[in-house]
Amino acid sequence: MTRAFDDDFKYGFSTRGVHAGQRPDPTTGAIMPPIVQTSTYVQDALGTNKGYEYARGKNPTREALERNVAALEGGRHGFAFSSGMGCLDTLMKLFKAGDHIVCGENVYGGTYRLFDKILKNFGLTFAFVDTRDPQKIEDAMTAKTVAILVETPTNPLMRITDLAAASVVAKKHGALLIVDNTFASPVFQRPLEYGADIVYHSTTKYLNGHSDMIGGIAVLNDDALAARIEFATNAAGAVPGPMDSWLALRGTKTLALRMRQHDLSGRKIAAWLEQRMGAERVFYAGLASHPQHALAARQMSGFGGMISVDMGPQATAATVLGRVRVFSLAESLGGVESLISHPASMTHASVEAARRDMLGVTEGLIRLSVGVEDVEDLLADLEQAFKGV
Ligand SMILES: *Cc1c(COP(=O)(O)O)cnc(C)c1O
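Basis of the calculations
- Within any chain, residue numbers begin from 1 and follow the written order of that chain's sequence.
- Under the rules for a predicted model, residues below a pLDDT of 70 receive no local features and side-chain atom pairs below 80 are neither given nor counted, while totals for whole chains, interfaces and linings still include all residues.
- Hydrogens and water molecules were not included; the side-chain quantities draw on all heavy atoms of the structure.
- Any cysteine sulfur atom paired with another within 2.5 Å is treated as part of a disulfide.
- To sort residues, take the accessible area from a 1.4 Å probe on protein chains only and compare it with the maximum for the residue type: under 20% means buried, over 50% means exposed, and anything in between is partly exposed.
- Only runs of H or I of at least four residues qualify as helices and only runs of E of at least two qualify as strands under DSSP, and these elements are numbered from the N terminus.
- Here a strand pair is declared whenever DSSP counts at least two bridges between the two strands.
- Seen with the strands pointing away from the viewer, any crossover whose path from the first strand over the helix to the second strand runs clockwise is right-handed.
- Only protein atoms enter the calculation, which uses a 1 Å grid: trapped sets of points that fit a 1.4 Å probe without letting it out are cavities, open sets showing protein on both sides within 12 Å along at least five of seven lines are pockets, and any residue with an atom within 4 Å of a point is a lining residue.
- Grid points are joined across faces, edges and corners, and a volume is the space filled by probe spheres set on the points.
- Ten residue types, Ala, Val, Leu, Ile, Met, Phe, Trp, Tyr, Cys and Pro, are classed as nonpolar, four, Asp, Glu, Lys and Arg, as charged, and the remainder, Gly among them, as polar.
- Note that domain bounds follow an automatic or database assignment of domains.
- A pair of aromatic rings is counted whenever rings of Phe, Tyr or Trp (Trp by its six-membered ring) have centres within 6.5 Å, and the orientation is called stacked for planes under 30 degrees apart, edge-to-face for over 60 and tilted otherwise.
- Placement of a charge over a ring requires the Lys NZ or Arg CZ to be within 6 Å of the ring centre, with the centre-to-atom vector within 35 degrees of the ring normal.

Draft legend 1. Structural view of the state of the cysteines. Scanning the model with the defined rule gives 0 disulfides in all. Of the cysteine sulfurs around Cys-87, a residue in no disulfide, the closest is that of Cys-103, at 14 Å. For Cys-87, a relative accessible area of 0% gives the class buried.

In structure tokens, the structure reads:
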């Protein structure tokens, strides 16, 4: 089980990003953790080993990443996975047929797909509710509810869940509060501080930040729960390779720096879009016009680079998507390069059309992941793409 180094917690966030969970290699002094590319470990004698037996269970590069992100989220234990979905799937293996989970209705499309198309068949039951209202979470709780799962801000509509209020409901019912923190990153929001039991990420996004690997990670404090996750992780096997672990670990060294720029440029671009399209069409929790701005400002220290805009007719959205030159048309988010996407046909294609309509993921909605290029270039690109719109 990977536990963060206790003394890492005394440092500031940026220092932890660079150093937490890693120590120079004792054999060579290499400043960067080695990529330990092995499947097995030679044992000293029958029943004696150096703490490593087989790499599905443990790998030193992976452990460095686990300790690092645990220290960033302010948790004791970290578990890295081969993808964000692999992480969530393993967390769900803590539960059994008949268990009930209350889930935000506006979560990542793949989360909904995993629950509704696969895990339902194994006897888990789900209630999808608007978690902006803690009373709706409370109303959905049953005697069988084992967990509340929320994403805040949500993808792509940037709806906010009050983490402290959700945690009160979870504790009252003896359920776990599980939070997908992919959009905010631990730079701007640390759910464990608001009472969450498990926080998880798609490391593919901001934590790695360079769009060159797929991964996931879960962080928590409770030792007994961590032992159960360790068991499920090794048993189910959705673990990352050492190279991908190393790439994510390289990413977290600059996470604080990158998020600062994503946030600065995100605010500028959101303000431009608001002027251009009107406040009711722009979704960004950092705008004073966002209906939950006050709550967002209370539990987040920045708002990052994710913005959605309702362009009206799909043809208008298509025009803008076709004209951009600095932004690239692609799924995913959180990288140094700016991306633009069409949630209805891309990230949320796995959600039925009627359900997308109900949620407000309209055919005219586009989503921007603002990168770290010069913001003047990004604004000029949008200016030409929006001409005549
Ligand atoms: C991308 C994403 C996931 C899934 O992660 P993968 O690494 O693609 O499996 C989960 N939640 C959110 C919010 C995401 O953006």
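Draft legend 2. Highlighting the pairing of strand S2 (residues 100–104). Summarising burial for S2: 5 of the 5 residues are buried, a large majority. The two faces of S2 match: His-100, Val-102 and Gly-104 on one face and Ile-101 and Cys-103 on the other face are all buried. Pairing between S2 and strand S3 (residues 125–129): 5 bridges, direction parallel. For Val-102, the partnering residue across the bridge sits in S3 and is Ala-127. Crossover handedness for the path S2 to helix H4 (residues 109–118) to S3: right-handed. As defined by bridge partners, S2 adjoins strand S4 (residues 145–151) across 4 bridges and the pair is classed as parallel. Bridge pairing in S4 links Ile-101 to Ala-147.

Draft legend 3. Looking closely at empty space enclosed by the protein. Going through the model one piece at a time under the given rule, you end up with 2 cavities of 30 Å³ or more. Around the largest cavity sit 14 residues that line it, and Asn-106, Thr-131, Thr-154, Arg-159 and Thr-161 are the ones nearest its centre. Looking at side-chain class alone, the lining of the largest cavity contains 4 nonpolar, 5 polar and 5 charged residues. Of the pockets and cavities examined, the second largest cavity occupies roughly 70 Å³. Every residue along the wall of the second largest cavity is listed here: Pro-153, Met-158, Phe-183, Ala-184, Tyr-206, Tyr-284, Ala-285, Met-300, Phe-303, Gly-304, Gly-305 and Met-306. Its residues assigned to classes, the lining of the second largest cavity comprises 10 nonpolar, 2 polar and no charged. If you count residues domain by domain, the lining of the second largest cavity takes at least three from each of domain 1 (2–96 + 139–146 + 167–252) and domain 2 (255–385).

Draft legend 4. The packing of aromatic side chains, seen in detail. One pass over the structure, following the stated rule, counts 6 aromatic pairs. A ring pair is formed by Trp-272 and Phe-386, whose centres lie 5.3 Å apart and whose planes are at 85°; its orientation type is edge-to-face. With Trp-272 in helix H10 (residues 255–277) and Phe-386 in the segment after helix H14 (375–385), this residue pair connects regions lying 114 residues apart in the sequence. Judged by relative accessible area, which is 1%, Phe-386 ranks as buried. Members of the aromatic cluster, joined through ring pairs, are Tyr-112, Phe-115, Phe-126 and Phe-128. Looking at Lys-58, its charged tip hangs above the ring of Tyr-52, at a distance of 5.3 Å from the centre. The lysine or arginine in question, Arg-355, covers the ring of Phe-128, its NZ or CZ lying 5.3 Å from the ring centre.

Interpretation note: all reported values are geometric properties and have no functional meaning in isolation.
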